[in-house]
There are 2 protein chains.
Amino acid sequence: MTESVLANPTRNQALSAQQRLRGKVYATPVLRNYDLDEQCGAQLWLKAENMQRVGAFKARGAYNAISQLTADQLGNGITTYSSGNHAQAVAWAARGFRLKATIFMPTNAPAIKVDAVKALGAEVVSVGTTSLERHAAAKEFAAESKATIIEPFDDANIIVGQATASLELQQEVTARANGAILDELFVPVGGGGLLAGACIAFEGSPTKIIAVEPEGCSSMKASLAAGEVVAMEPGPTLADGLKPTRVGELNFAIAKDRVGKAITVNDKEIGEALVKLLLTTKTLVEPSGAAALAGALRSATKGTRVGVLLSGGNIAPATLANLLRTHG
Amino acid sequence: MTESVLANPTRNQALSAQQRLRGKVYATPVLRNYDLDEQCGAQLWLKAENMQRVGAFKARGAYNAISQLTADQLGNGITTYSSGNHAQAVAWAARGFRLKATIFMPTNAPAIKVDAVKALGAEVVSVGTTSLERHAAAKEFAAESKATIIEPFDDANIIVGQATASLELQQEVTARANGAILDELFVPVGGGGLLAGACIAFEGSPTKIIAVEPEGCSSMKASLAAGEVVAMEPGPTLADGLKPTRVGELNFAIAKDRVGKAITVNDKEIGEALVKLLLTTKTLVEPSGAAALAGALRSATKGTRVGVLLSGGNIAPATLANLLRTHG
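Residues numbered from 1 in each chain as written. Chains lettered and ligands numbered in written order. Predicted model: local features only at pLDDT ≥ 70, side-chain atom pairs only at ≥ 80, totals over all residues. Heavy atoms only, no water.

Trainee: Sorry if this is basic, but what is going on with the sheet that holds strand β4 (residues 101-105) of chain A here?
Mentor: Sheet strands associate in pairs through backbone hydrogen bonding, adopting either a parallel or an antiparallel arrangement. Residues and elements named next belong to chain A. Across the sheet, four strands lie side by side as β5-β4-β3-β6; this open sheet has parallel pairing. Strand pairing shows two members of the sheet lacking a second neighbour, β5 (123-126) and β6 (148-149), which therefore form its edges. Bridge analysis of strand β3 (residues 78-81) against β4 gives four bridges, and the strand direction is parallel. Along β4, the bridge assignment pairs Y81 with F104. (Pairing = 2+ DSSP bridges. Helix = DSSP H or I, 4+ residues; strand = E, 2+ residues; numbered from the N terminus.)

What follows is the structure in C-alpha cells.
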C-alpha cells in the first residue's frame, strides 16, 4: 500500500473527488431495459462504466490518485502493475498530466489491453502471471527509479476515485426514481477497489451491497468469512480482471462491516450474462464487467430496485466472437 | 399511403408526439466518446436508438400511429409489412394496446427479427423478398379483413413519431453544449421515415441534414437528383433495414427541400463502422444502424459538431461474430 493522506476514506471525500473528476472522466449513462428487468424479475439500474474513458471505471481511481501527487513525485514518473484496465487507466491519466509511466503487466494479458496501454504512450514490461509477481517487479523498479507506484486497488485515493461511480449511480437513481433508493447493489470484486468505493458512496444508506467474484477467485468471500484477508491462488476464469491473489487490506477493512453478502459466479453464467446484455441492451462489457450482472440475474431479490456496476468493456474481438457462438 | 389526419407534419406535431410517447418509449441516451471523435475529426453526438424499445427507432412511429386509430379501426386489428424492425415495433405497440397484429415479412428476413415479432404475439406471414411484394400481400389482407395497415414509413403519423428521436437529440445537444446546435446530422435512409422526421424536428434550424444510404439501395439520392421519387431494385447490402424499393412519397416531399446532401456507403465501411463503434463506445448497432456513422466517419466536416442517428441494434449473433472476425 502506498502512503496516502486518507486513512479512512469517507463519502465526503468521494463527493470532492467527483468535483475533481468532472470533465476528466465521463459521467457514464445509467441504463434501464424493461426486457432485461423481465428476465431478471427485478428493476435493474445498470451503471455503464464499460463506457468510461479507457473502457473501465479504473480511469476514475487512476486520475484521482495521480492528481494528488506532489511536484517532487511527479518529476520521477509513475509506475504500476495490472492485468489490464488499471494499466490503461494509469497510462491514460499519465498522458493527461504529461508523466512518464512504466507499467508491469502479466505475460498472459490480452493483447488488446497491452496494445491499448502502449498506444497511450506508456512503457509496458511483461512479467509473470500473478499480481504478486508483477507487484514485486514494480516495487523493485520504483525503488531504483524513485517512480511512484499507483496502486491498483489497495489505496485510499484509488478507492475514493472508484467511489464516484457508485455516487453517480445513487444520484441518478434518486433523480429518476423520485427520490427512491436502490434495495441492492451488485459489485464485481477483484482487488476490491470498486467494492470499497461502493461501501463509501452508500455510507449510511440501507442499500444492501453484494460482492460478486468468479468461482475460484473469491478472496473477498473467503476473507469476509475468515474475518481477515485470505490469499488465494486464482483459478482459471473468463473474468481476467477479477483474479488478484488477494483483496486489498484497506479494501477489506472498509468492506467487512458493510457488505451484505458475497457470492460467486461461474464462466457459463458470466458468458450468458455478457451475451444477454449485448443482445438486449446493445451494451458490450468484458467478462469481468458481466460478473455483477450474472450475480444479479441469479440472486437479485424479486421485485426490488437493483443496481449493477458494469465495470468494464475491453474484450478481444475473437473472445467476443467465441462467446456469441456459444451463448448467442 | 394510409389515410392520415396530418398532411403536412410539423415540428409542433412532433413535440406533441414527444409528450404522447413519454413513458412508452425510452428517451435513449446520447453518447459521446472522445476517442471516436478523434478518429472522425469531428465532435460526434450519437443518438442511441439501438437502445430503443424493440431495439430500433421504429417503436416511436408505430406507437404514435397506432395511438391515433379510432375505436372502429381498433376492433379490426392491424397489419403491416416490413423486413424487420418496423414489424417488431408494430407487434410491440399492438401488444401494448391489446390489438391483433398480422405482419408480412420477407422470406429472407433474419431469423432473429422474425422470432422477435412472434415472441411479441403477432402473427407472421412470410412473403417474397421485396417491399413491393409484401406491401401487396398486406393490402390484400387488409381489404379482406378490414385490418388497418400501419405503414412502415410513408405516413404522416409515422414520420411525426420518428421525428421525436431527432427532437430528443436536438434538445440534449442544446442542454449539454450550452445552447449550441449541431452543424451536421447524418441520418440513415431506407424508406425515409427517420429522415423526414429529422427534417421536421430540425425545421428552421441551420443544421445540415445528410441522408446516408447503402450503395445500390439509394432511392433517396436518385430521387433528390431527379426531383421525384425514383424506384430502384435494391442491390445486396449488409444493411437489411435500408433496402425498400422506393422511398415514400410523403417522405420525399418533406426531404426534398431540406436535405443538404445524400451520400452512399458500402458494406466494408458499414462493417468497419459497426465494429469500431462496438469496440470504442461499447455500443452494438445492426448494419443499418451503422450506416450513418459510416457516412460521418468519411464525410463529416472536420472540427464541427455532428449528430448521428444510430437507428437500430438488432443483429444476429452469427452475423456479428463474422463482422468481428473480418473487422475486429
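Trainee: Please clarify how the packing of helix α12 (residues 267-281) of chain B against helix α14 (residues 317-327) of chain B should be interpreted in this entry.
Mentor: Relative orientation and spacing of two packed helices are given, respectively, by the angle between their axes and the distance between those axes. Residue and element names in this part refer to chain B. Viewed as axis vectors pointing N to C, α12 and α14 meet at an angle of 95°, and their least axial separation amounts to 10 Å. If you check the angle between α12 and α14, you find them roughly perpendicular. Facing K268, G271, E272, L274, V275 and L278 of α12, the residues of α14 in contact are L320, L323, L324 and H327. Looking at the contact of α12 with α14 residue by residue, the class counts come to six nonpolar, two polar and two charged. (Axes fitted to C-alpha atoms, helices over the stretch in contact; angles between N-to-C directions. Parallel < 35°, antiparallel > 145°, perpendicular 65-115°, else oblique. Contact = heavy atoms within 4.5 Å. Nonpolar A, V, L, I, M, F, W, Y, C, P; charged D, E, K, R; others polar.)

Trainee: How should I be thinking about the interface of chain A and chain B in this particular structure?
Mentor: Accessible area lost on assembly of the parts is the figure often given for the size of an interface. In this complex, chain A contributes 27 residues to the contact, which on the side of chain B involves 27 residues. Interface area, chain A with chain B, both sides summed: about 2300 Å², of which 59% is carbon and sulfur. Our enumeration of links across chain A and chain B arrives at zero salt bridges. Applying the counting criterion to the chain A and chain B interface returns 10 residue pairs in polar contact (both at pLDDT 80 or more). Secondary-structure elements contributing two or more residues to the side of chain A that touches chain B are α2 (34-40), α12 (267-281) and α14 (317-327) of chain A. A breakdown of the residues in the side of chain A that touches chain B according to their chemical character gives 13 nonpolar, nine polar and five charged. (Buried area = accessible area lost by both parts, 1.4 Å probe. Salt bridge = Lys/Arg side-chain N within 4 Å of Asp/Glu carboxyl O. Polar contact = N/O pair within 3.5 Å; in protein donor to acceptor, adjacent residues only side chain to side chain.)

Trainee: In this structure, what is going on with the sheet that holds strand β6 (residues 148-149) of chain B? I would like to understand it.
Mentor: Residues and elements named next belong to chain B. One open sheet holds the four strands; their spatial order is β5-β4-β3-β6, and the pairing between them is parallel. The sheet terminates laterally at β5 (123-126) and β6, the two strands that pair on one side only. One ladder, built from four bridges, connects strand β4 (residues 101-105) with β5; its direction is parallel. By the bridge assignment, M105 is partnered in β5 with S126. With respect to the sheet, helix α7 (residues 131-145) is in contact with β3 (78-81), β4 and β6, its orientation differing from that of β3 by roughly 165°.

Trainee: Sorry, what's going on with the pattern of salt bridges here?
Mentor: In a structure, side chains of opposite charge can pair up when their charged atoms sit close to one another. Residues and elements named next belong to chain A. If you walk through the whole model with that rule in mind, you get 22 salt bridges over all chains. The partner of K47 in a salt bridge is E168, and the shortest N-O contact between them spans 2.6 Å. On the criterion of sequence distance, the pair formed by K47 in strand β2 (residues 43-48) and E168 in helix α8 (residues 156-176) is long-range, its members being 121 residues apart. Each member of the pair, K47 together with E168, is buried. We note a salt bridge from R176 to E172, for which the minimum N-O separation is 2.5 Å. Note that R176 and E172 are positioned in helix α8 at a spacing of four residues, about one turn of the helix. Owing to a relative accessible area of 25%, E172 belongs among the partly exposed residues under this scheme. Here the salt bridges do not stand alone but share partners, grouping K47, E49, R60 and E168 into one network. (Buried < 20%, exposed > 50% of the residue type's maximum accessible area, 1.4 Å probe, protein only.)

Trainee: What's the story with the domain arrangement of chain A in this structure? I'm lost.
Mentor: Residue and element names in this part refer to chain A. Considered domain by domain, chain A is made up of domain 1 (11-56 + 156-327) and domain 2 (59-149). Computed over C-alpha atoms only, the centres of domain 1 and domain 2 are separated by 23 Å. In this complex, domain 1 contributes 31 residues to the contact, which on the side of domain 2 involves 22 residues. Together, the buried faces of domain 1 and domain 2 total about 2100 Å²; carbon and sulfur atoms form 56% of this surface. Its largest share of buried area at the contact with domain 2, domain 1 owes to R20, V54 and N157, together 25% of the area lost on that side. Summed over the shared surface of domain 1 and domain 2, the number is four salt bridges. Secondary structure elements with two or more residues in the side of domain 1 that touches domain 2: α1 (11-21) and α8. A total of eight residues in the side of domain 1 that touches domain 2 trace back to one element, the largest contributor, which is α8. In terms of residue class, the side of domain 1 that touches domain 2 is made up of 13 nonpolar, nine polar and nine charged. (Domains from an automatic or database assignment.)

Trainee: How do you make sense of the packing of aromatic side chains when you look at a structure like this?
Mentor: Remark: the centre distance and the inter-plane angle together describe each pair of aromatic rings, the angle taken between the planes. Throughout the structure, instances matching the rule amount to eight aromatic pairs over all chains. Pairing Y34 of chain A with Y26 of chain B gives two aromatic rings, centres 5.1 Å apart and planes at 55°, and the pair type is tilted. Of this pair, Y34 of chain A sits in helix α2 while Y26 of chain B sits in the loop between α1 (11-21) and β1 (30-31), on two different chains. On the accessibility criterion, Y34 of chain A (36% relative accessible area) is partly exposed. For Y26 of chain B, a relative accessible area of 9% translates into the label buried. What links up through ring pairs into an aromatic cluster is the set Y63, W92 and F97 of chain A. When the ring centre of W45 of chain A is taken as reference, the NZ or CZ atom of R32 of chain A above it lies at 4.8 Å. (Phe/Tyr/Trp six-rings, centres within 6.5 Å; stacked < 30°, edge-to-face > 60°. Lys NZ or Arg CZ within 6 Å of the ring centre and 35° of its normal.)

Trainee: Can you walk me through the side chain of K47 of chain B in this structure?
Mentor: What makes K47 of chain B buried here is its relative accessible area of 0%. Excluding residues that lie within four positions of it along the chain, K47 of chain B makes contacts with A27, T28, P29, V30, R60, A165, E168, L169, V308, L309 and L310 of chain B.

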